[in-house]
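In case you want the letters, here they are:
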Amino acid sequence: MTAAARPGAARIVDLPAGHRDDPPGRAGLAGLAARVLTSPANGGAAARAAALGWHTRHRLSARCSSFAFWSSDPADLDDILGDLRSARLPDGDAGLAVLDALRARQAAASGGRLDTPLARVGRVLERAAWGTPEEDVLGSAATLAAVTAADLRHALDDLTARAWVHDEAAVPGPPAAASPAAAAAEPVAGRGWSGGLAVADHPGSDARVAVRLAVADPAPDLLDVLVEVLGNGPDGRLHRELRHRHALAYGFTATCWAEDRTASIGATATVAAENAAAAVRVLATTLRGLAGGVPRSEWDVARWRSRAGLLAALDGPFGLVDEARRRAHGERLVAERCAAVSLLTDPPPLCLAPDPPAVAAVGVFDPRHRRQLADAYQEIR
Amino acid sequence: MTGPRSAGIRAFNAGGLAVRYEVLPWARSFAACLVVDCGSRDDPAGLSGTAHLAEHLHGLAAPAGPGAGIPLLAVTDVDRTCFEAAGDPVRVAPLLRRLLAIAAGRRPPADRRVFEGERQAVLLETRRMDHQPLLRLGPLLAAAAAAEPGLDAVGRTTTESVRRITPADVDALAVTRYVPAAARLFLAGPPSPVPEVVATLGTVAPLPADPPTAGSRPAAGPPLSAVAGLDGILAVTLVRPRGVDSAVLDALLADEGPIVDAAGEPRRRPGGRTTIAGRAQQVDVVCWAPGAATAGLGDRLAETATGDWQALAGDVARRDGRRRRNQHHLRHATPLRRVSEAARRAVLGPPDDTRELAWWRIADGVPVRLARYPLGPHLAGGAGGQPAADW
């Protein structure tokens, strides 16, 4: 290897079933299967990863369970699918004991109970945006109890037999539109934007609030750059408004979505619980201010930040293999987005949809905080 | 020292500031990390949090100034403050100018509103330590275990001390500690920005005949007093020189190492780990919650420390060789990780040669030392560590 080659290598194995493929009454099966494959005690790729210090990642989506592996030695990953297939739920009572432990861990995590505050507010914001209960991704104690060891063994044999392996060094082929990941962004049947306020308890010294606005037909890549106008660090609009104008927040994030035929843009803030309502007002005002246009100098810096983030993602351990996976599934490449942002020299207008905003708040709130949040929502809707 | 897959390092001096650029032909992004010789140990007595607030204020840019809008991630540690960012290699000068200004202690004027906004942010961070006393356990134990003063400096910060800080306090600290000659700037990225880097660094005024140097430190405040909510915790500490790499010392407190020895008994795994690094010493802390499976831990510690610890830990280190290699490569997998790692490893002062294990129980909020085992001068063969080469 020369210095021109990046360090290490990565592979992704996609199993073609996600949480929406769980059989009726056995919600959580895909999650349990993933736990078998990611527990070093069950052997297989997870055991090798733990022993050799590989970097790993697992993502469970609606129609796919995706396992990523990185090693400094590319030869380690030559038979990664074989490694994954060799993971086994032990036979007999030992297997039942393992299954019980996996069920207990998954039940503890279901409903986002082990989420970080940022992940939790994101899930609650989904509920506020669509007006539907949070998807039952990991199942409940009852549905997990209905998953038997035989179910799990069958699922593992079936799914690993139909797995896809993505290799960052592979020669690009034609896209495969029917692949499992291509279905990952499928709309939820019958779901449409609702908007509303959702508040949830979450322990900790800080509260998190989030506001999300629906956007009407945004120009391609516009929202990506506007996220950078809002800023995830010092000097973006969120920093100026939340910290300096209102002295409210420690941290904040901005993000955008393009799903279920409704694009949207949103922001979160980490605040003291007593400041949650005030932060909701500031976030809503700041987001709506984007429709007033962005000065050219601010736009140019935001484009630089957007490109910097995309390039840094490509340099990450899974950057190139993620790109190979996107190519295989006919998804838009990060490299293409990066090039498009370069060409987006004039800020296109942003048109916000007339729908009510989605607002989420998680933290330890007393009744007064909750009333203040409800009042703030009525003001901004 | 270069990371894996490096085409080498170019060194520059920008008005006294040492700059290193690691050239990575495979990289798509550009990254920079500035290390400033100002940490929480430099907080004046009674004003813990001043260095942290200085970090927040230096991380800002004038809205219309050069480098505005470039997001910096900054962290204040015991003996240093680091400002880092990833960027687009097509245009690196604004980011560099921003970091050069910080290295020299230049920051945009902060009116009362900006100052109070940043103070509020520091207060929110500090409240987390009040809410989770475990966040103060590492500093508490490090200060008890090591001779270097100030290892508990981060943990000393309280909401009261942050509320007492004035803009003048921040100015006074910055003028003595934000000095280019005492700072380091680490860069990594593809070869293409090198000419822009050279040109930008060339605009920095040369070092004056009588260059400013880091000023003396203000008198330290009282050490961290008792912390409620930690009683019954057991801990092992390892005091070692900062900036000295040693696979054997790393293996001493590993889960599979001779002291924790959790390979065949997962219930022995510790509840938490941290490392508190100062200027000359660092302290690895491993702890167990009350009621954890700690039977025999004290005996294993004594047997290891008074026996051939280098051989015992050396075996573990050798078995763990491939994992360590992967972890090393992962820490160098991106330009941003490279500069972060370089900043973490940068040696700002001579290391202290002490190597010592100790065994603690927290009672009435205070660490009570149950046993202490100096490991003595390390033997030949590098078992006790090799000085980490600076970039």
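Residues numbered from 1 in each chain as written. Chains lettered and ligands numbered in written order. Predicted model: local features only at pLDDT ≥ 70, side-chain atom pairs only at ≥ 80, totals over all residues. Heavy atoms only, no water.

The name given to chain B in an unreviewed UniProt entry is Peptidase M16 N-terminal domain-containing protein, with the source organism recorded as Pilimelia terevasa.

Chain A is annotated in an unreviewed UniProt entry as Peptidase M16 C-terminal domain-containing protein from Pilimelia terevasa.

Chemist: Looking at this structure, how should I read the overall build of chain A?
Modeler: Helix and strand content of chain A: 14 helices and 9 strands. For 381 residues, the compact-globule formula gives about 21 Å, and the C-alpha radius of gyration of chain A, at 22 Å, lands near that figure. C-alpha atoms of chain A, sized along the principal axes, occupy 60 × 55 × 35 Å. Out of the 381 residues in chain A, the part that is buried amounts to 53%. The long-range fraction of contacts in chain A, counting pairs at least 24 apart against all pairs at least 6 apart in sequence, stands at 79%. Accessible surface computed for chain A: about 15,200 Å², of which carbon and sulfur atoms make up 56%. A distance of 4 Å separates the average location of the 42 positive side-chain charges in chain A from that of its 45 negative side-chain charges. (Helix = DSSP H or I, 4+ residues; strand = E, 2+ residues; numbered from the N terminus. Rg over C-alpha atoms; globule rule 2.2 N^0.38 Å. Buried < 20%, exposed > 50% of the residue type's maximum accessible area, 1.4 Å probe, protein only. Contact = heavy atoms within 4.5 Å. Areas by Shrake-Rupley, 256 points an atom, 1.4 Å probe, with all protein chains shown as cover. Lys, Arg positive; Asp, Glu negative; His and termini not counted. Charge placed at Lys NZ, Arg CZ, Asp CG, Glu CD.)

Chemist: What should I look at first to understand the sheet that holds strand β7 (residues 234-241) of chain B in this one?
Modeler: Where strands meet in a sheet, backbone hydrogen bonds hold them as pairs that are either parallel or antiparallel. Residues and elements named next belong to chain B. An order of β9-β10-β7-β11-β12 is seen for the 5 strands of this open sheet, with the pairing classed as antiparallel. A strand with exactly one partner marks an edge of an open sheet, and here the two such strands are β9 (272-277) and β12 (366-374). Direction aside, neighbouring strands of the sheet carry axes that sit 20 degrees apart on average. Relative to strand β10 (residues 281-288), β7 runs antiparallel, the two sharing 8 bridges. Within β10, the residue paired with Leu 234 across the bridge is Trp 288. (Pairing = 2+ DSSP bridges. Axes fitted to C-alpha atoms, helices over the stretch in contact; angles between N-to-C directions.)

Chemist: Please explain the packing of aromatic side chains as it appears in this structure.
Modeler: Aromatic rings in a pair are described by how distant their centres are and how their planes are angled relative to each other. Per the counting criterion, the structure on display carries 4 aromatic pairs over all chains. Between Trp130(A) and Trp193(A), the ring centres sit 5.7 Å apart and the planes meet at 75 degrees, which makes this aromatic pair edge-to-face. Placement of the pair is Trp130(A) in helix α5 (residues 117-130) and Trp193(A) in the loop between β4 (164-167) and β5 (196-201), with a sequence separation of 63 residues. Taking 5.8 Å as the distance between ring centres and 85 degrees as the angle between the ring planes, the aromatic pair formed by Tyr21(B) and Phe30(B) counts as edge-to-face. Comparing Tyr21(B) with Phe30(B) shows no difference in burial state: the two are buried. Over the ring of Trp257(A) we find Arg212(A), and its NZ or CZ is 3.8 Å from the ring centre. (Phe/Tyr/Trp six-rings, centres within 6.5 Å; stacked < 30°, edge-to-face > 60°. Lys NZ or Arg CZ within 6 Å of the ring centre and 35° of its normal.)

Chemist: Looking at this structure, I do not really get the interface of chain A and chain B. What am I missing?
Modeler: Where interface size is quoted, it is often the accessible area lost as the parts come together. The interface is formed by 49 residues belonging to chain A together with 49 residues belonging to chain B. The tally of links from chain A across to chain B stands at 5 salt bridges. As a salt-bridge pair, Arg307(A) and Asp88(B) come within 2.4 Å of each other at their nearest N and O atoms. Applying the counting criterion to the chain A and chain B interface returns 15 residue pairs in polar contact (both at pLDDT 80 or more). Here the side of chain A that touches chain B takes 9 residues from helix α11 (residues 296-315) of chain A, the largest share from any one element. Looking at the side of chain A that touches chain B residue by residue, the class counts come to 25 nonpolar, 13 polar and 11 charged. (Salt bridge = Lys/Arg side-chain N within 4 Å of Asp/Glu carboxyl O. Polar contact = N/O pair within 3.5 Å; in protein donor to acceptor, adjacent residues only side chain to side chain. Nonpolar A, V, L, I, M, F, W, Y, C, P; charged D, E, K, R; others polar.)

Chemist: Just to check I follow, could you spell out helix α9 (residues 237-245) of chain A for this structure?
Modeler: Structurally, the α-helix is built with 3.6 residues per turn, so residues lying three or four positions apart point the same way. Residue and element names in this part refer to chain A. Most of α9 is tucked away, with 7 of its 9 residues classed as buried. Taken together, the buried positions of α9 are Arg 237, Leu 238, His 239, Glu 241, Leu 242, Arg 243 and His 244. Positive phi shows up at Ala 247, right after α9, with a value of about 50 degrees.

Chemist: Explain the sheet that holds strand β1 (residues 9-14) of chain B to me, please; I cannot follow it from the model alone.
Modeler: Residue and element names in this part refer to chain B. The strand order β1-β2-β6-β3-β5-β4 describes an open sheet built from 6 strands, whose pairing is mixed. Two strands close off the open sheet at either side, each with one partner strand: β1 and β4 (73-76). Within the sheet, the average angular offset between the axes of one strand and its neighbour, ignoring direction, is 15 degrees. With 5 bridges joining them, strand β3 (residues 30-36) and strand β6 (residues 184-189) adopt antiparallel strand pairing. Residue pairing for β6: Leu 34 is matched across the bridge by Leu 185. Strand contacts of helix α1 (residues 50-58): β4 and β5 (81-87), with the helix running at about 165 degrees to β4, the strand carrying the most contacts.

Chemist: Honestly, the domain arrangement of chain A in this entry has me stumped. Any pointers?
Modeler: All names here are of chain A. Looking at the assigned domains, one finds that chain A contains domain 1 (3-185) and domain 2 (196-294 + 347-380). Counting residues at the interface gives 13 residues for domain 1 and 19 residues for domain 2. Of the roughly 1,400 Å² buried where domain 1 meets domain 2, counting both sides, 72% is carbon and sulfur surface. Of all residues in domain 1, Val 121, Leu 125 and Trp 130 bury the most surface against domain 2, accounting for 39% of the area lost on that side. (Domains from an automatic or database assignment. Buried area = accessible area lost by both parts, 1.4 Å probe.)

Chemist: Just checking my understanding: could you explain the pattern of salt bridges for this structure?
Modeler: Side-chain pairs of opposite charge can arise whenever the charged atoms involved come near each other. Residue and element names in this part refer to chain A. Counting across every chain of the model gives 58 salt bridges over all chains. The partner of Glu 241 in a salt bridge is Arg 245, with the nearest N and O atoms 2.9 Å apart. Of this pair, Glu 241 and Arg 245 both sit in helix α9, 4 residues apart, which is roughly one turn of the helix.

Chemist: Just checking my understanding: could you explain the packing of α11(A) against helix α13 (residues 334-343) of chain A for this structure?
Modeler: A pair of packed helices is characterised by two quantities: the angle between their axes and the separation of those axes. All names here are of chain A. Packing of α11 against α13 leaves a shortest axis separation of 10 Å and a crossing angle of 165 degrees. The orientation of α11 relative to α13 falls into the category roughly antiparallel. At the point where α11 passes α13, the crossing takes the left-handed sense. Residue-level contacts link Arg 303, Ser 306, Arg 307, Leu 310, Leu 311 and Leu 314 of α11 to Val 334, Arg 337, Cys 338, Val 341, Ser 342 and Leu 343 of α13. (Parallel < 35°, antiparallel > 145°, perpendicular 65-115°, else oblique. Left-handed = near helix turned anticlockwise from the far one by under 90°.)

Chemist: What is the right way to read the pairing of β3(B) from this model?
Modeler: Residues in a regular strand point their side chains to alternate faces of the sheet. Residue and element names in this part refer to chain B. In terms of burial, β3 is a largely internal element, 7 of the 7 residues being buried. Because side chains alternate across β3, one face comprises the buried residues Phe 30, Ala 32, Leu 34 and Val 36, and the other comprises Ala 31, Cys 33 and Val 35, equally buried. With 7 bridges connecting them, β3 and β5 associate as antiparallel partners. Among the inter-strand pairings, Phe 30 is bridged to a residue of β5, identified as Gly 87.

Chemist: Can you walk me through unusual backbone geometry in this structure?
Modeler: Leaving glycine out, the prevailing phi sign among residues is negative, and the prevailing peptide bond configuration is trans. Residues and elements named next belong to chain B. Of note, the phi angle at Arg 5 is positive, near 60 degrees, even though the residue is not glycine. Tracing the chain through its elements places Arg 5 in the segment before β1. Owing to a relative accessible area of 22%, Arg 5 belongs among the partly exposed residues under this scheme.

Chemist: How do you make sense of the environment of Gly8(A) when you look at a structure like this?
Modeler: Residues and elements named next belong to chain A. Within the element layout of this structure, Gly 8 appears in the segment before β1 (9-15). Classification of Gly 8 as buried rests on a relative accessible area of 10%. If we ignore the near neighbours within four places in the chain, the residues touching Gly 8 are Trp 70, Ser 71, Ser 72 and Glu 168.

Chemist: Help me understand the packing of α9(A) against helix α3 (residues 112-131) of chain B, please; the structure alone is not making it clear to me.
Modeler: The interhelical angle for the contact between α9(A) and α3(B), taken along N-to-C directions, is 90 degrees, at an axis separation of 7 Å. By the angle class used here, α9(A) and α3(B) are roughly perpendicular. Of the residues in α3(B), those in contact with His239(A), Arg243(A), His244(A) and Arg245(A) of α9(A) are Arg113(B), Val114(B), Gly117(B), Glu118(B) and Ala121(B). Residue composition of the contact of α9(A) with α3(B), grouped by class: 2 nonpolar, 3 polar and 4 charged.

Chemist: Where do I start with the side chain of Arg103(A) in this structure?
Modeler: When you line up the elements, Arg103(A) lands in helix α4 (residues 92-109). The residues contacting Arg103(A), other than those within four sequence positions of it, are Leu32(A), Leu144(A), Ala145(A), Val147(A) and Thr148(A).

Chemist: Just to check I follow, could you spell out the pairing of strand β11 (residues 356-363) of chain B for this structure?
Modeler: All names here are of chain B. Burial runs high along β11: 6 of the 8 residues are buried. The pairing of β7 with β11 spans 6 bridges and is classified as antiparallel. Bridged to Thr 237 within β11 is Ala 358. Where β11 and β12 come together, 8 bridges link them in antiparallel fashion. Across the sheet, residue Glu 356 finds its bridge partner in β12, namely Pro 374. What sits between the antiparallel neighbours β11 and β12 is a turn of 2 residues, in which Asp 364 has the positive phi angle 55 degrees.

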